Amino acid sequence: MKDPFFQPPSGSQLPRFAGVPTFMRLPHIPPGHARFGDVQLGLIGVPWDSGTTNRPGPRHGPRQLRDMSSMMRAQHATSGIRPFEALRCADLGDVPPNPADIIDSMERITAFYARVLDAGILPLTAGGDHLSTLPILRAVARNGPVGMVQFDSHTDLNDSYFGGTKFTHGTPFRRAVEEGLVDPKRFVQVGIRGTMYDEDDRDFAAANGIRLILIEEFHQRGPADVMAEVRDIVGSDNTYITYDIDFVDPAFAPGTGTPETGGPNSYQALQVVRMLDGVNIVGADLVEVSPPFDASGGTAFLGISIMFELLCQMAAQHG
Ligand code: MN
Ligand code: MN
């Protein structure tokens, strides 16, 4: 199973501060590359934040996440999983967005992911703002709706912004349910908190059977109990995992556009991903890391650590 071509260099051979940065120091294999068809899991950057309604910056996320990813080693410390040996992983590069045109950008993203899925590659994405997930879902759910686990302090279920604008990072999952991309009965959101515009997003969730686990419930029940319910809701069918870094308390992840206090700590941020065992993950993303607000780089470091956890879950299930 272990293919030498797809093994990242060890930090004891090439120091981890050296080399051209790719995700996890993996080979860069964009669509069209001779080895593209051999890739089983692709890490993809979506450097795009045109859906941002407040403080921008996630367009710079993939580059900083790649840089910080050199901190990752080959083996998970708890599970012992060695993801790069379990699956042939590669950095597929960035989707080229059109920062001046939201609709064109979404079409480019969907087309890129369709090509990835046509090749049988599992996608693991670094955003980008949370609108990035909608065009990804249009590709991932092309054969029918998927279940979804969303870690976030916001529902992103609003109808529109600024007098009728339907495509923003506060509206993607309203669109995803309307478009039949996500099965609302197999859709659960964890960590919801913060001040609200009104009740409209929560009313939409209740009317459609979307389960919202608010932060009070998360802290009262604890991660293990909450995540057992999450696994029960999504069951064994195809499920997409979307992880907004603002799920985590801003003490640990201040580098994001819309932080909300009172969130999970950095350990719980990893723990919830470890508790996705048995979930049939058909794709995952980590979004909303905003380097201009990440003075220490610590948010990107946490972000790539979460991506490593997601990678290990996907490798454990598909390897
Ligand atoms: Mn979000
Ligand atoms: Mn959010």
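Note: the structure precedes this text.
A few words on the overall build of the protein chain. In terms of regular secondary structure, the protein chain is built from ten helices and eight strands. Computed over C-alpha atoms, the radius of gyration of the protein chain comes to 18 Å, within 12% of the 20 Å expected from 2.2 N^0.38 for 319 residues, which places it in the range of a compact globule. Each of the three principal axes of the protein chain carries a C-alpha extent, and together these read 55 × 40 × 40 Å. Within the protein chain, residue pairs in contact and separated by at least 24 positions form 77% of the contacts whose partners lie at least 6 positions apart. Only carbon and sulfur atoms are counted for the fraction: they give 52% of the accessible area of the protein chain, which is about 12300 Å². Both charge centroids of the protein chain, one from 26 positive and one from 38 negative side chains, sit 7 Å from each other.

Time to look at the environment of Met-148. Tracing the backbone shows Met-148 in strand β4 (residues 146-151). With relative accessibility at 0%, the residue Met-148 sits in the buried group. Once the C-alpha coordinates of Met-148 and Arg-82 are considered, the two residues, 66 residues apart in sequence, prove to be 26 Å apart. Ignoring anything within four residues of it in the chain, the contact list for Met-148 reads Leu-137, Phe-173, Val-182, Arg-186, Phe-187, Val-188, Val-234, Thr-239, Tyr-240 and Thr-242.

Moving on, we get to the coordination of the manganese ion (ligand 2). Ligation of the manganese ion (ligand 2) by protein atoms is provided by Asp-152 (OD), His-154 (ND1), Asp-244 (OD), Asp-246 (OD) and Asp-246 (OD), these donors lying 2.1 to 2.4 Å from the ion. Sequence spacing among the residues donating to the manganese ion (ligand 2) works out to D-x1-H-x89-D-x1-D. If you look at the manganese ion (ligand 2) and the manganese ion (ligand 1), they sit 3.2 Å from each other and are both ligated by Asp-152. Residue classification places Asp-246 among the buried residues on the basis of a relative accessible area of 3%.

Each value, and the rule that gives it
- Within each chain, residues carry numbers counting from 1 in the order of the written sequence.
- Think of it this way: whatever chain is written first is A, whatever ligand is written first is 1, and the rest follow in order.
- In view of the model being predicted, local features appear only for residues whose pLDDT reaches at least 70, and side-chain atom pairs are presented and counted only at 80 or more, with totals across whole chains, interfaces and linings using the full set of residues.
- The side-chain values count all of the structure's non-hydrogen atoms but skip hydrogen atoms and water molecules.
- We count a stretch as a helix when DSSP gives it H or I for four or more residues in a row; a strand needs E for two or more, and each element gets its number in order from the N terminus.
- Put simply, the radius of gyration uses C-alpha atoms, and a globule should come to 2.2 Å times the residue count raised to 0.38.
- Note on definitions: a residue-residue contact is assigned when non-hydrogen atoms from the two residues lie within 4.5 Å.
- The Shrake-Rupley method, run with a 1.4 Å probe sphere, supplies the accessible areas, and residue values consider only the shown protein chains as cover.
- When charges are counted, Lys and Arg contribute as positive and Asp and Glu as negative, whereas His and the chain ends are disregarded.
- Every charge is mapped to an atom, namely NZ of Lys, CZ of Arg, CG of Asp or CD of Glu.
- Each residue is assigned to one of three classes by its accessible area relative to the maximum for its type, calculated with a 1.4 Å probe on protein chains only: buried under 20%, partly exposed between the two thresholds, exposed over 50%.
- Here a donor is an N, O or S atom found within 2.8 Å of the metal, or within 3.2 Å if the metal is Na, K or Ca; sites may look incomplete because water is not among the atoms.

These results come straight from atomic positions and should not be treated as a statement about function.
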